[in-house]
Amino acid sequence: MSTTPYLLVRLGESLAALPASAVRRVVRGARLHPLPGAGPGLVGLAEFAGEPLAVLDLAQLLGKERRGARPAVTVVTWLGSGSDRELVGLGVDEAIEVTELDASALALGQALVGGRPTVVVDTERLGVEA
Amino acid sequence: MTGGFLIVRRGGVLWGLPAEHVSGIERVERVEPAVSGLDLLLTGGSRLAVESVLTLAEDLAVQPLSARLRRFLPAGSSGLAILAGEPIVLMMREDDASHV
Amino acid sequence: MSRTTRTTRATGARTESGSLAVPAMLLAGAWAAGGWLLAGASRDANAPVLQVIFHLVAIVCAGLFLAFDLSARASDPGSGLRARLIGVFRQLGDGDLVRASELARTLDADLADGVGRAVAGLATRVEQLQASSHSVAGAGEGVDRGSTVLAASSAQQAAAAGEVTAAMEELSRTAAEISEHAERQNQLVLTAENEGAAGAEAVAEAVEGVGAVERRIADVTARADTLGTRSREIFRVLDLISDIAQETHLLSLNAALEASAAGGRGRRFAVVAGEVRILAERVRDSVASVRSQIEEFASAIRSTVVATEEGGKEAARVLEEARAATQALGILRASLSESSEAARQISSVTRQQTSATEEVLSTLRELHQVVERMSRDLAQLSATSGRLHTIGLDLELLAQTFHLDSPRSLKRLVHDWARRLPDAAATAGSSWTGAQEWIDELVGAAAFVECGCIVDTRGKVIATQAARELRASCTEALQDLRRRNLSDRAWFKKALESSRAVVTPPERSVMSGEPCIMVAVARRDAAGRPLAVVEFDVNVRHWTEIGE
């Protein structure tokens, strides 16, 4: 059975897996400029590799309640696909590891990692209203 | 003003307005909120209160906002840019300024 | 005092034997010598007694000698003279010197002179005897009075000494008690002082101990501070390490991501990235562990510091209490010291008091002994004076057995009373008129007479009277006496038998109940028949007043 590498992240108490191929970089301590008047899903604006980066709250995007402080880690991720692909920062509490998940995990939308239920994120569709 | 963007700071964040939309800048003393600052006089006739004006940037690399991001950013934002390592939110249309 | 007397003089030749002159001279010489020797003796109470005895002996010897010598002559014819001479000596022998003197005058001129002088001489001796007996009695009384006074004052002295002794003994006891008490007090104080000293020592030790604890606490606190500082440094380092670990972790993640993008060729790289990640995680875990240990350690240190601070506060409190205790002990010891000092002074003073008291007591005891000896001596003196008195009385009674022509002779007095009895009253069968007045007068005139009475030949009391001072108390006894018959009395019978006066030894008087001598004589008519008996009592107490 073939597997695909995923970046395992922690959002509060729960886990999420991002396809490693979509993850550009994991960054910590990026300077975030919060925007007054912006929606709750926007953590702030940052700079990455000379370019402006909008940082969104992954937990909020996944429909989970955000508790506690602002996300400490920014996972710079390609969202969308093709020409529509854009680099967006996803704010998470912790980036854990890169792990192999079953290829079917994405389609399932979730997997068990170390016994723990994990949301498998479809980065191509993330943030787009259905 | 023609060409380029006028880069101003408002609410701690950098904004960029197309220069041709700005007709003037006025220094203003405000009581409420107790902020002294500047008023941009817009060609539409409205005024935009800003904390400071940084510069007029002529060659900004504009990154247009995707539909995805547009949902999260304030209405009227049309793009993002970087100036000296700091992100800027760009306002493209004149009448968008009122939404800022 | 005695007089040297020549009672016999050989005035002329005595024809028959011619031997009278020589023995008489020898006798006279011996008598004179003896009397002269006694005159040289010291004056004391016994001197008159000795002289008296000597004179008595001399009298007796003289009498015997005369009797012996003259009885030889009595064989001579010329019996009229002889009979008169015998008569003189008989009277002498009976003690009736008055009759002897009367008879002597009937002798021949020479004899009358010589015998008369002898009798006179005897009478004089007897009178001297009486005088001496009075002196003896007087001396006895003097001794009596003196010893009574002495006894009284010595009794007073003894009583006073006894009181003082008692007081001093009381004082001595009290002083001893005080001394004992002070001594006990002193002991208590010494004990308290010792304990106070021990207590102070203990407190000082405690203070020292607390000081040491405080120093250690300061030490610990300083070390804890140092440790705290070190801990903070360690935490900073740990933070640094932690940051590095995190960065390393991120690095490993990004490397892994790159590796995954590189596909197969990135696999080895992915492995290395994985190991780096693991290393970073181990570092992170170690840091966490160290951090938690340091935290624990720091927490322990903080608890220790807190506990130490608490301990420090406690120690400070103990120290404060100890200082307060030390102060209190100091005050206590000071006052104890004062108390001890006071107790010592009291003890010393009472000891001095005790020794002074002891001296006084000792002196008093000696005094008491002296007083007791004096009392004993006085008692003996009293007894001696009593004996003197008795001797005096005995001598007086002996003298009274002689009928003398002397106001002191009771026999003469009773004869005198009998003579003065009115003739009218004395006539046989008369009504005895005037007898009562006669007896009243006679009893009143003689202070030493206790009572007198006149009794007829049958023993019936005709008249009686008591001494003035007794009349009130003895009225009944007098009346009783008047009704009595005294014929059974010894003096009555003797008086009837003899022409001489009678003096009895002391007997109990019916009037006063006291010892009296009875003097009685029978009044006779011209023919010598008894008409009545005249009698009076002389209380022995008043014997020294006889004839006054």
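Anyway, here's the lowdown on the structure attached to this text. (Residues numbered from 1 in each chain as written. Chains lettered and ligands numbered in written order. Predicted model: local features only at pLDDT ≥ 70, side-chain atom pairs only at ≥ 80, totals over all residues. Heavy atoms only, no water.)

Brief notes about helix 9 (residues 435-445) of chain C
Residues and elements named next belong to chain C.
Move 1: Residues of helix 9 that are buried: A435, W438, I439, L442 and V443. In a view along the axis of helix 9, the buried residues occupy a sector of 120°, so they form one face of it. Exposed residues lying more than 90 degrees from the buried face of helix 9 are E437, E441 and A445. (Buried < 20%, exposed > 50% of the residue type's maximum accessible area, 1.4 Å probe, protein only. Helix = DSSP H or I, 4+ residues; strand = E, 2+ residues; numbered from the N terminus. Arc of directions from axis to C-beta.)

Re the pairing of strand 8 (residues 77-83) of chain B
Residue and element names in this part refer to chain B.
Move 1: Most of strand 8 is tucked away: 6 of the 7 residues are buried.
Move 2: Pairing geometry for strand 7 (residues 63-64) and strand 8, over 2 bridges, is antiparallel. Residue pairing across strands places Q63 opposite L80, the latter belonging to strand 8.
Move 3: Here 6 bridges tie strand 8 to strand 9 (residues 86-91), and the two strands are oriented antiparallel to one another. Bridge pairing in strand 9 links G79 to L90.
Move 4: Hairpin geometry of strand 8 and strand 9 is characterised by an intervening segment of 2 residues between the two adjacent antiparallel strands and by a positive phi of about 50° at A84. (Pairing = 2+ DSSP bridges.)

Section: helix 4 (residues 97-104) of chain C
Turn by turn, an α-helix covers 3.6 residues, leaving residues three or four places apart pointing in a common direction.
Residue and element names in this part refer to chain C.
Move 1: Here helix 4 has its buried residues at L97, V98, A100 and A104. All buried residues of helix 4 lie within an arc of 165° about the axis, which places them on one face of the element.
Move 2: You can read the cap of helix 4 off the contacts: a side-chain oxygen lies 3.4 Å from the backbone nitrogen of V98, and it is on D96. (Polar contact = N/O pair within 3.5 Å; in protein donor to acceptor, adjacent residues only side chain to side chain.)

Brief notes about the interface of chain C and chain A
Move 1: Taken together, the contacts link 13 residues of chain C with 14 residues of chain A.
Move 2: The largest share of the area that chain C buries against chain A comes from C:L250, C:L253 and C:L257, three residues that together contribute 43% of it.
Move 3: Taken together, the connections running from chain C to chain A amount to 2 salt bridges.
Move 4: For A:E97, the salt bridge goes to C:R277, with nearest N and O atoms at 3.2 Å.
Move 5: Between chain C and chain A we count 4 residue pairs in polar contact (both at pLDDT 80 or more) in total.
Move 6: Listed by contribution, the elements that provide at least two residues to the side of chain C that touches chain A are helix 5 (109-261) and helix 6 (267-400) of chain C.
Move 7: Residue contributions to the side of chain C that touches chain A peak at 10 residues, all from helix 5 of chain C.
Move 8: For the side of chain C that touches chain A, the residue count by class is 4 nonpolar, 4 polar and 5 charged. (Contact = heavy atoms within 4.5 Å. Buried area = accessible area lost by both parts, 1.4 Å probe. Salt bridge = Lys/Arg side-chain N within 4 Å of Asp/Glu carboxyl O. Nonpolar A, V, L, I, M, F, W, Y, C, P; charged D, E, K, R; others polar.)

Everything listed is a geometric property; what it means functionally is a separate question.
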